[in-house]
Amino acid sequence: MPLAAIAQFTSTNILPQNLRICQNFVRTAASKGAVALFLPEASDYISSSAEESISLCQSVHTSPFVLGLREEAKRCALAVSVGIHEPTVDGLKERVRNTSIWIDGHGEITQRYHKVHVFDVDIEGGPRILESRSTEPGTSLTPPFDTPIGKLGLLICFDLRFPEVSLALRRQGASILTYPSAFTVPTGQAHWETLLRARAIETQSWVIAAAQVGKHNEGRRSYGHAMAVNPWGKVVAECVEEKEDICFAQIDSQIIERVRREIPLKRRFDVYPEV
């Protein structure tokens, strides 16, 4: 069974430091025999303001973070899923894109997904985050694609609260869903594991969720608890403590086949609309 590595760490606005951490994860994952590494949302940086985010954002063709990670993936012959920021297509310095990219074992970017659901929340007693002010939402889903661990569907963080997109990717053939994330502490404590297990159960798929963890700056702290959940809804790997960490999960394709065979989910689109 192929081995997947799932990481958590604390991104800051210091890109070279974030890159060194991610490169170390690549080497650790490869040394343990993993065929794919999953890194969190916004692994390149987490800024303290929308203005800083825009100033730090670079194209994948020039970003030292992306170029350095691609080089390490190639050196270790390891596929890497990672969340980054990209400039918008029009290049206007008003917003950025929150992107998940897939780097194959040759160091090439072969897939990308732009986060569809942006994170606008104002939690009583908790954080107030308006991602829409600095982030351009995506307009489409990336079709599932073949990887060393199975057919993968890319989603990001706040997408986790919308089962429609996970079901759409499942119908397109996904057997693994990814949610690289930077969940806040209050929402993470309340909903993180519950939502991940729900998405796994209702799609009968593996769910892999790398995560940001700890204090990024004075205004931002992330919950962590990176994990992998199997199609039965069981958490099979988890980073528990609030620190930089990596965990591993053997991705068993047979459990997907068994769960889908034993509990067939035949939806009644003749009764209710397909979503």
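Look above for the structure.
Summary of the structure given here. Quick caveat, the model's predicted, so the values are computed rather than measured.

1. Looking at the nonpolar core
- If you look at the biggest cluster of nonpolar residues, it comprises 45 residues, and the most contacted ones within it are Phe-38, Trp-192, Leu-196 and Ile-208.
- Aside from chain neighbours lying at most four places away, what touches Leu-196 is Leu-160, Tyr-179, Val-207, Ala-209, Met-227 and Val-229.
- One finds Ala-5, Ala-7, Leu-69 and Ile-246 within the second-largest nonpolar core, a separate group that totals 25 residues.

2. Brief notes about the packing of helix α4 (residues 163-171) against helix α5 (residues 185-203)
- The geometry of α4 relative to α5 is characterised by a closest axis approach of 10 Å and an angle of 35° between their N-to-C directions. The hand of the α4/α5 crossing is right-handed. Packed against α4, whose contacting residues are Pro-163, Ser-166, Leu-167 and Arg-170, the element α5 presents Arg-199, Glu-202 and Thr-203 at the interface.

3. A closer look at the side chain of Ser-43
- Mapped onto the elements of the fold, Ser-43 is located in the loop between β2 (36-38) and α2 (50-56).
- Ser-43 sits in the buried class, given a relative accessible area of 0%.
- Within the local environment of Ser-43, its side chain forms a polar contact with the backbone oxygen of Pro-40, the two atoms lying 2.8 Å apart.
- Apart from residues no more than four positions distant in its own chain, Ser-43 is found in contact with Phe-9, Ser-11, Asn-18, Cys-22, Phe-65, Val-82, Gly-83 and Gln-212.

4. Points about helix α6 (residues 253-262)
- Of all the positions in α6, only Ile-255, Ile-256 and Val-259 are classed as buried. End-on view of α6: buried residues confined to an arc of 105°, all on one side of the axis. Along α6, exposed side chains directed more than 90 degrees from the buried face belong to Gln-254 and Arg-261.
- Those residues of α6 hidden inside the fold are in contact with β11 (206-209).

5. Some details on unusual backbone geometry
- Backbone geometry places Ala-77, a non-glycine residue, at a positive phi of 50°.
- The residue Ala-77 is located in the loop between α3 (64-76) and β3 (79-87) in this model.
- Classification of Ala-77 as exposed rests on a relative accessible area of 57%.
- The phi torsion at His-225 lies on the positive side, around 60°, for a residue other than glycine.
- Mapping His-225 onto the fold places it in the loop between β13 (220-223) and β14 (227-229).

Basis of the calculations
- Residue indices begin from 1 for each chain and proceed along its sequence in written order.
- Whole-chain, interface and lining totals are the exception, using all residues; otherwise, since this is a predicted model, local features are given only for residues with pLDDT of at least 70 and side-chain atom pairs are given and counted only at 80 or more.
- Side-chain numbers come from the whole structure's heavy atoms, not from hydrogens or water.
- Among the buried residues, those of types Ala, Val, Leu, Ile, Met, Phe, Trp, Tyr and Cys that are joined through side-chain atoms within 4.5 Å form a nonpolar core.
- A 1.4 Å probe rolled over the protein chains alone gives each residue an accessible area, and that area as a share of the maximum for its type sets the label: buried under 20%, exposed over 50%, partly exposed in between.
- Pairs of residues are marked as contacts when any of their non-hydrogen atoms sit within 4.5 Å.
- Orientation is described by lines fitted to C-alpha atoms, with helices fitted over the stretch in contact, and by angles between N-to-C directions that extend from 0 to 180 degrees.
- In this text, helices come from DSSP runs of H or I with a minimum length of four residues, and strands from runs of E with a minimum of two, each type numbered from the N-terminal end.
- Note: crossing handedness is left-handed where the near helix turns anticlockwise from the far helix by less than a right angle, and right-handed where it turns clockwise.
- Pairs of N or O atoms within 3.5 Å make up the polar contacts considered here, provided that, within protein, one atom can donate a hydrogen while the other can accept it, and that residues adjacent in sequence are counted only when both atoms are side-chain atoms.
- Arc definition: it is the arc formed by the directions from the helix axis to the C-beta atoms.

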